[in-house]
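# Commentary on secondary and tertiary structure
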Amino acid sequence: MKMIIIGGSAGSFNVILSILKELDADISMPIVIVLHRLKKAKAILEDCLQTQSHYIVKEVEDKEFAKAGYIYTAPSDYHVLLNENLSFSLDTSEEVNYSRPSIDVSFESFSCVLKENCCGILLSGANQDGAIGLKMIAENGGETIVQDGDEAEFATMPRAAIELYKKHTVYKLKDIVKKMNNYAK
Amino acid sequence: MIEFDELEEIVFIIKKQYGYDFEGYSRASFLRRINRYMELSGLATTVHLKNELINNPENFNAFINEIVVNVSEFFRDPDFFKSLIANVFTYLASYPKINVWSAGCSYGEETYSLAILFKEMDLLQKSRIYATDISTNALDKSKKGIYSNKDFKEYSNNYFSCGGKESLNQYFVSDGQKSIINSEFKKDILFSRHNLVTDGVFKECQLVLCRNVLIYFDEELQNKVLKLFYDSLPVHGFLALGNKETLRFSEVQDKFKIIDSREKIYQKIK
Ligand SMILES: C[S@@+](CC[C@H](N)C(=O)[O-])C[C@H]1O[C@@H](n2cnc3c(N)ncnc32)[C@H](O)[C@@H]1O
């Protein structure tokens, strides 16, 4: 199975909303979203995303199997990992890049399992999370896309990824969606 | 870096040489912890790791301490403690003597949090709290009860959100850098080593608290450990799990009543 995994931080929320709105109706793989969010924030994120999507949006549950047709979000205060049998594992270990969930942690874990069968997308953000993990996805043969720093509300995160690994594909929002729709077929 | 297909052999070596069984641990987090350990101790390849495990038993304790995740905080998830006070404390108050099992107690943050709330609700003097963990390092730290001051502001906020009545500082002696829990709490808490994978029931307890431990286990091991908790509880005893842990997939599910589905508090009914 292939998967798409999206990492986002400050300035990513609206981008993700637009992506969900534009996604084709026949995406045949799970999509996982790791978005930095406030620790105490209640689960309204899923509700907001759900209004824009015909897929089922749900928070990742521990040991749940990843299924096509679902959009999964990382719960606040837990890292999301992937097991070889394609079930998720939640983890409360140390923050990485001051973040839990951390995008690096998920990118690395998913890449270990999925190798070339995953597409990592890194969006706007004001820190450096995701750069190391996205490089690993690329080196394992997966597809990697970084939001164009000129378009991103906060360019630090996308730029850090490019800095670390020049060969990521840089796209604006509309091309990210196009790419996802193609990838998922 | 080590890959998934090399884990089996590592699990085997650890079991054979040291008697610790990590077979049922969630593979994704186990892999991540091993990679982290290798990085921290400068072991470049799986061969180095195997060599270390086989030939340097004196480092095995350090290995275990890195492999398990000891991250915790005081009054983690205030809504959970609030619910515990509202739904469980009054019930416990009706017992002449209360035994509590705090399993996977890490550095003691959660156990002491409970003890503080017990004290404020006048339950502590008739309670015995058994706090256990697989990690001897964690138990040593728990027994000392010394914590860095850097997170105390958050702990104090958490404490008040739980409905704490006093001020958190009064339960600690602080020197500006670190704080030590008052010794009055230590006499009612017994810290000891217990491995949830291999050890059995040791005491009947009216409340079993095991939060953020089951997520590190696969479904089969979760099931086994939940059965152990079931066996440790009397009828009407309470089980409290972490926010992302549930009885839903377990054999013992229908032997419990849900007290709070959000905060994962259950009561044994048969
Ligand atoms: C993330 S901490 C949870 C601490 C605390 N309960 C909380 O929720 O904040 C997980 C703890 O489980 C312990 N643990 C892991 N495997 C265990 C086992 N097989 N038996 C007992 N404790 C174990 C670890 O040593 C660690 O202290």
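Every residue gets a number counted from 1 within its own chain, in the order that chain's sequence is written. Written order determines the labels here, with chains lettered from A and ligands numbered from 1. Local features are withheld for residues below a pLDDT of 70 in this predicted model, meaning they are given only at 70 or higher, and side-chain atom pairs are given and counted only at 80 or more; totals for whole chains, interfaces and linings count all residues. Water and hydrogen atoms were dropped before computing side-chain values, which therefore reflect all heavy atoms in the structure.

## A short note on the interface of chain B and chain A
The criterion used for residue contact is that any of the two residues' heavy atoms lie within 4.5 Å. Taken residue by residue, the interface counts 31 residues in chain B and 28 residues in chain A. Around 2,300 Å² of area is buried between chain B and chain A when both sides are counted, 46% of it from carbon and sulfur atoms. By convention, the term buried area covers the 1.4 Å-probe accessible surface removed from two parts as they join, with the contributions of both added. Per-residue buried area on chain B facing chain A is highest for Phe4(B), Arg32(B) and Lys244(B); these three make up 28% of the total on that side. A pair is scored as a salt bridge if a Lys or Arg side-chain nitrogen falls within 4 Å of a carboxyl oxygen belonging to Asp or Glu. The tally of links from chain B across to chain A stands at five salt bridges. In this structure, the salt-bridge partner of Arg33(B) is Glu94(A), at a minimum N-O distance of 3.0 Å. For the purposes of these results, a polar contact is taken to be a pair of N or O atoms within 3.5 Å, where, inside protein, one atom must be able to donate a hydrogen and its partner to accept one; residues adjacent in sequence count only when each atom of the pair is a side-chain atom. In this assembly, chain B and chain A are joined by 14 residue pairs in polar contact (both at pLDDT 80 or more). Numbering of helices and strands runs from the N terminus; a helix is a DSSP stretch of H or I covering at least four residues, while a strand is a stretch of E covering at least two. Those elements giving two or more residues to the side of chain B that touches chain A turn out to be helix H2 (27–40), helix H5 (78–93), helix H8 (152–161) and helix H10 (219–232) of chain B.

## Section: the site of the ligand
By convention in these notes, a residue is near a molecule or strand provided one of its non-hydrogen atoms lies within 4 Å of it. Surveying the vicinity of the ligand reveals 21 residues, the closest of which are Tyr25(B), Asn70(B), Ser72(B), Arg76(B) and Asp133(B). Two or more chains meet at the ligand, and those chains are chains A and B. Arg76(B) places a polar side-chain atom, nitrogen or oxygen, 2.5 Å from an oxygen atom of the ligand. Measuring from an oxygen atom of the ligand, one finds a side-chain N or O atom of Asn212(B) at 2.9 Å. Accessible surface is estimated by sampling points in the Shrake-Rupley manner with a 1.4 Å probe; for residues, cover comes only from the protein chains shown. Across the complex, the protein chains shield 99% of the 600 Å² of accessible surface that the ligand would expose by itself. Assessed atom by atom at 2 Å from the grid points, the ligand resides in the largest cavity. Any residue that is not Ala, Val, Leu, Ile, Met, Phe, Trp, Tyr, Cys, Pro, Asp, Glu, Lys or Arg is counted as polar, Gly included; the first ten are nonpolar and the last four charged. Of the residues assigned to the shell around the ligand, the class counts are nine nonpolar, eight polar and four charged. Detection works on a 1 Å grid of protein atoms alone, calling trapped sets that fit a 1.4 Å probe cavities and calling open sets with protein on both sides within 12 Å along at least five of seven lines pockets, with lining residues defined by an atom within 4 Å of a point. Whether a molecule sits in a cavity or pocket is decided by its atoms, more than half of which must lie within 2 Å of the grid points.

## Considering the pattern of salt bridges
Any two side chains of opposite charge can pair, so long as their charged atoms come close to each other. Considering all chains together, one arrives at 31 salt bridges over all chains under this definition. Between Glu59(A) and Lys244(B) there is a salt bridge, and its shortest N-O distance comes to 2.7 Å. Within this pair, whereas Glu59(A) is found in strand S3 (residues 56–59), its partner Lys244(B) is found in the loop between strand S8 (238–241) and strand S9 (256–260), the two belonging to separate chains. By relative accessible area, Lys244(B) is classed as partly exposed at 22%. Note that Arg100(A) and Asp77(A) form a salt bridge whose closest N and O atoms lie 2.9 Å from each other. Whether a residue is buried, partly exposed or exposed follows from its accessible area with a 1.4 Å probe, protein chains only, as a fraction of its type maximum: under 20%, in between, or over 50%, in that order.

## Some points on the UniProt feature "active site" (unreviewed entry) in chain A
Residues and elements named next belong to chain A. The UniProt entry lists Ser-9, His-36 and Asp-129 under the feature "active site" (unreviewed entry), expressed in the numbering used here. These annotated residues cover 121 residues of sequence, and their C-alpha atoms all fall within 9.6 Å of one another, placing them together at a single site. Here His-36 is to be found in the loop between strand S2 (31–35) and helix H2 (44–51). In this view, His-36 contacts Gly-8, Ser-9, Ser-99, Pro-101, Ile-103, Asn-127 and Asp-129; residues no more than four positions away in its chain are not counted. Residue position: Asp-129 is located in the loop between strand S7 (118–122) and helix H4 (131–139). Its relative accessible area of 0% is what places Asp-129 among the buried residues. In contact with Asp-129, not counting residues within four places along its chain, are His-36, Asn-97, Ser-99, Pro-101, Ser-102, Ile-103, Asp-104, Leu-122 and Met-157. UniProt positions are given in the numbering used here, feature names are shortened, and annotations may be inferred rather than shown by experiment.

## Topic: the environment of Ser53(A)
Residues and elements named next belong to chain A. For Ser-53, the position within the fold is in the loop between H2 and S3. Exposure remark for Ser-53: the relative accessible area of 11% places this residue in the buried category. Separated by 120 residues in sequence, Ser-53 and Leu-173 have C-alpha atoms that sit 17 Å apart. Those residues in contact with Ser-53, other than ones at most four positions away along the chain, are Leu-20 and Ile-71. Among the polar contacts made by the side chain of Ser-53, one reaches the main-chain amide nitrogen of Tyr-55 at a distance of 3.0 Å.

## Quick notes on a nonpolar patch on the surface
Patches here: salt-bridge-free residues with over 30% relative accessible area, like charges joined within 9 Å, nonpolar side chains (Val, Leu, Ile, Met, Phe, Trp, Tyr) joined within 5 Å. A cluster of nonpolar residues, Ile146(B), Val173(B) and Ile180(B), forms a patch on the protein surface that exposes about 240 Å² of accessible area. Secondary-structure assignment places Ile180(B) in strand S5 (residues 178–181).

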